[in-house]
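# Observations on the model geometry
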Amino acid sequence: GDGRLWIVVGGEDKGGILVRTGAAYESKPLPFRLTTGSRVEELEVQGNRLHYRRIRGDGPDFGWVNLLLNEKALLEPEEDEGGRG
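What this report covers is the structure whose coordinates are included nearby. (Residues numbered from 1 in each chain as written. Predicted model: local features only at pLDDT ≥ 70, side-chain atom pairs only at ≥ 80, totals over all residues. Heavy atoms only, no water.)

Bringing the sheet that holds strand E2 (residues 39-46) into the picture now. The antiparallel open sheet is built from 5 strands, whose spatial order is E4-E3-E2-E1-E7. Because the sheet does not close on itself, it has two edges, and the strands there are strand E4 (62-66) and strand E7 (75-77). Each neighbouring strand pair of the sheet contributes to a mean axis angle of 45°, computed without reference to strand direction. Taken together, the 3 bridges between strand E1 (residues 5-8) and E2 define a ladder with antiparallel strand orientation. Paired with Trp 6 across the two strands is Val 40, which belongs to E2. (Pairing = 2+ DSSP bridges. Helix = DSSP H or I, 4+ residues; strand = E, 2+ residues; numbered from the N terminus. Axes fitted to C-alpha atoms, helices over the stretch in contact; angles between N-to-C directions.)

Here's what the structure looks like:
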């Protein structure tokens, strides 16, 4: 696809970030976390929720994760090859 790429930067102390089956916060959490350092492709964003497809790293192939938790970024957009800007 041609969705934006994101890198998981949060969840280091927990082995990754929590993934849910749907955009709703009440939706069922998946048993496996998306590991820190994983690269994912953006499928859809709803507010603070990112629907992703896993490209590299360990964790569920698809799911919904928080972009921010307690004001801290859990994922960051992958930098372009040209560096910042």
